[in-house]
Amino acid sequence: MPERRATMPPPSDIVKVAIEWPGANAQLIEIDQKKPLSSIIREVCEGWSLSGSEQFALRYADGPQLYITEQSRGEIKNGTILRLAISPTRAARQLLDRIQSHGIDARLEALKELAKLSADPTFATEFINMEGIGTLARLVESGTHFGEMLAFTLTAFLELMDHGIVSWDLISLSFIKQIAGYVNQPMVDVSILQRSLAILESMVLNSHSLYHRVAQEITVGQLIGHLSNQEIQTYAIALINALFLKAPEDRRQEEHTNPLDQCLTEMATTLAQKHLRSIILNHVIRGNRPIKAEMAHQLYVLQVLTFNLLEERMMTKMDPTDQSQRDIVFELRRIAFDGENDPIGTEKRKAMYTKDYKMLGFINHVNPALDFTQTPPGMLALDNMLYLAKLHQDTYIRIVLENSSREDKHECPFGRCAIELTRMLCEILQVGELPNEGCNDYHPMFFTHDRAWEEFFCVCIQLLNKTWKEMRATTEDFNKVMQVVREQITRALAMKPSSLEQLKSKLRSLNYSEILRLRQSERMSQDDFQSAPIIELRERIQPEILELIKQQRLNRLCEGSCFRKLGNRRRQEKFWFCRLSLNHKVLHYGDLDESPQGEVPFELLTDKIPVSDIKSVVTGKDCPHMKEKSALKQNKEVLELAFSILYDPDEALNFVAPSKYEYCIWTDGLCALLGREMGSDLTRSDLDTLISMEMKLRLLDLENITIPEAPPPVPKEPSSYNFTYNYG
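The notes below deal with the structure included here. (Residues numbered from 1 in each chain as written. Predicted model: local features only at pLDDT ≥ 70, side-chain atom pairs only at ≥ 80, totals over all residues. Heavy atoms only, no water.)

1. A few points about the overall build of the protein
Regarding its fold elements, the protein presents 29 helices and 11 strands. Here the protein, with 728 residues, has 46% of them falling under the buried criterion. Pairs at least 24 apart in sequence give 67% of the contacts found in the protein among residues at least 6 apart. When the accessible surface of the protein is summed, it comes to about 38,400 Å², and 51% of that surface belongs to carbon and sulfur atoms. (Helix = DSSP H or I, 4+ residues; strand = E, 2+ residues; numbered from the N terminus. Buried < 20%, exposed > 50% of the residue type's maximum accessible area, 1.4 Å probe, protein only. Contact = heavy atoms within 4.5 Å. Areas by Shrake-Rupley, 256 points an atom, 1.4 Å probe, with all protein chains shown as cover.)

In structure tokens, the structure reads:
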């Protein structure tokens, strides 16, 4: 009987690939990862009888077609198609010579190829070492390039600078003026405008000194005209955001005598102008194109930076000795209790003022200025109250007088409520926080009014007064009322009202009775019966439900998800897709040119990780890509969406989930694959919901029947076991 030989798996250091060369048949070879890359390239060249192997390199044939280096060769997978190409050094030298040639067609082709190759970090390093960026900058400064040739030049320049090899501070003033000139010219090709705006944005974000120079050449007012062009409006808003993002930083670092300090005030004034707001509202938010993710992000950033202009007032304490500030409090009292023509302080004695301040709802009746010494909300609360009193005078007087006529225990303290409400709104809208790099959560209604913040406060203070009456609250119920109001506001904002009128409508439907109903419904859906039989039933059901959740998570991983690559320039989005094989043994992933509309087939995902190679899944700050220094400040929300797969041999696949839901799905699914407990908030919520539903179904026949705490007693044993069944 012949001996049976076991089939040995190929060594992990051997990778089977195909290598192409124009005009020749592809070579199918096995790459030994222990051998030097130069030896492998020499063997490949010998297979096609090519001399000078040091002049060649290997590149991927698909996707970005990056060069393979000693550092990146570990990413080569079995079945990968490679291509033999000229080395990056040789390619950089040839392209550098060709872009300086006299032939226009040859120069155009060279710039087109350079624009594509510049995304490769290996090529970029070689080209930059040959002073390539300086050459491109001189071509731009000369002003002799136009149209497609200029567009390719700017694309290559931006790609090369994006690698972070060269500091942006080395850029000359003449180059900045030339780029700014393209933005300011009325008739410029769209592709040139896009790249010029992107270059200016990168300058502002990456160099404090260049921010000064760009701010002198480009103003926010000049960028407004580009917002009506749908092809470039995202780039224009991105540059506006960059200027706003750096302006507060500039103001903190420079002395007040510096004339550039006026830039923040000028931009804040511009932002408040109706023209800019209406352009964004009519041409972007209400435009005839759906808002894409990048535009939504830029609108969110603009919203955050706009609200951050309130931070200074929010963190400013009131000076009780400052007469001008105290006059504002006097004005609040005068509008509420005196006529329009009654001068301050002529008809009321000081004791009467104290009574009026008590009726206004201040905690400190004698000196209400002390109520505004806590930050936040500081002077911002007083600003809101004065806006309500002056712009919505009837509403203000009605609220104050209505509460002053109630019994003491049921009056709604206007002053205290306004201060606490301002603090709450600052927390909800995260005033003073930097924009989150992965967030698109903008609210269209804040772009519908020039004083959106103040109007939002006016709507909410009326809601608070109405809820106070519905709850029949007393002073002791103050915190309970504020909790209900917070829930009403957050639920209404989650519905994304498109205008302040829609917000009012949604808040009207979310009255106190509706909040109680919603709370009761949510409590019932997550109700935990505490009797012993129900607890025992729950424990029996739980493993079955957990298995159901596990299968759902794995099925979602098999469908796959699209993730966005976070780079230095968010507007040029790059995506990648990851999905689990149907047999749950391999994770397939690969880059995509654009966000997919449906399922991505396995054939398009060129990379893979065997599940057996996965060592662990880490989240948040433990992720390798969260430990690296980012161009923009990482904040809590980005960390909460980050997770990484650590696999053999010391490699990592890094994710930033598009939403909290996707984060929970993937971390649960990966834990299920590794045989670990699924511990996400989504799993706990799904488990409670499904167990509650299953238990209610099983107990449906026992409705209105009291379930005993203890099982029924076992009957006594019969006196005799001498009995039989007679079946006839």
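What follows picks up the thread again.
2. So, the nonpolar core
Judged by nonpolar contacts, the single largest core of 87 residues is most densely connected at Leu-136 and Met-203. Considering each element in turn, this core owes the most residues, 10 residues, to helix α6 (residues 147-162). If we skip the residues at most four places from it in the chain, Leu-136 touches Ile-99, Leu-111, Leu-114, Phe-127, Thr-153, Ala-156, Phe-157 and Leu-160. Of all hydrophobic cores here, the second largest spans 68 residues; its members include Ala-369, Leu-382, Cys-412 and Cys-417. (Core = buried A, V, L, I, M, F, W, Y, C linked by side-chain atoms within 4.5 Å.)

3. Brief notes about the environment of Asp-383
Of note, Asp-383 is situated in helix α18 (residues 379-391). Taking the C-alpha atoms as reference points, Asp-383 and Glu-454, 71 residues apart in sequence, are found 8.5 Å from one another. Looking at Asp-383, its side chain comes within polar contact range of the side chain of Arg-313, at 2.8 Å. (Polar contact = N/O pair within 3.5 Å; in protein donor to acceptor, adjacent residues only side chain to side chain.)

4. Remarks on the sheet that holds strand β4 (residues 81-86)
A sheet is described by the order of its strands in space; here 4 strands give the open sequence β2-β1-β4-β3, paired in mixed fashion. Unpaired on one side and paired on the other, β2 (24-32) and β3 (56-60) mark the two borders of the sheet. Adjacent strand axes in the sheet meet at a mean angle of 35° when their direction is disregarded. Contacts from helix α2 (residues 88-98) reach β3 and β4, with the element oriented near 55° to β4. (Pairing = 2+ DSSP bridges. Axes fitted to C-alpha atoms, helices over the stretch in contact; angles between N-to-C directions.)

5. Digging into the environment of Ala-452
Examined against the element boundaries, Ala-452 turns out to sit in helix α21 (residues 452-471). Residue Ala-452 is classed as buried on the basis of its relative accessible area, which comes to 7%. Along the backbone, Ala-452 and Phe-307 are 145 residues apart, and their C-alpha atoms lie at a distance of 9.7 Å.

6. Description of α2
Three or more residues of α2 are buried, namely Pro-88, Ala-91, Ala-92, Leu-95 and Leu-96. Projection of α2 onto a plane perpendicular to its axis shows the buried side chains occupying an angular sector of 130°, all on one side. On the buried face of α2, the contacting elements are β3, β4, α3 (104-117), α4 (121-129) and α5 (132-142). (Arc of directions from axis to C-beta.)

7. Regarding the sheet that holds strand β11 (residues 651-656)
Reading across the sheet, the 3 strands line up as β9-β10-β11 and stay open at both edges, with antiparallel pairing between neighbours. Since the sheet does not close on itself, it has two edges, and those belong to β9 (614-619) and β11, each with one partner. Within the sheet, the average angular offset between the axes of one strand and its neighbour, ignoring direction, is 20°. Relative to strand β10 (residues 642-647), β9 runs antiparallel, the two sharing 5 bridges. Considered in β10, the bridge of Ser-616 is made with Leu-646. Its contacts with the sheet put helix α28 (residues 660-673) on β9, β10 and β11, and the angle it makes with β10 is roughly 25°.

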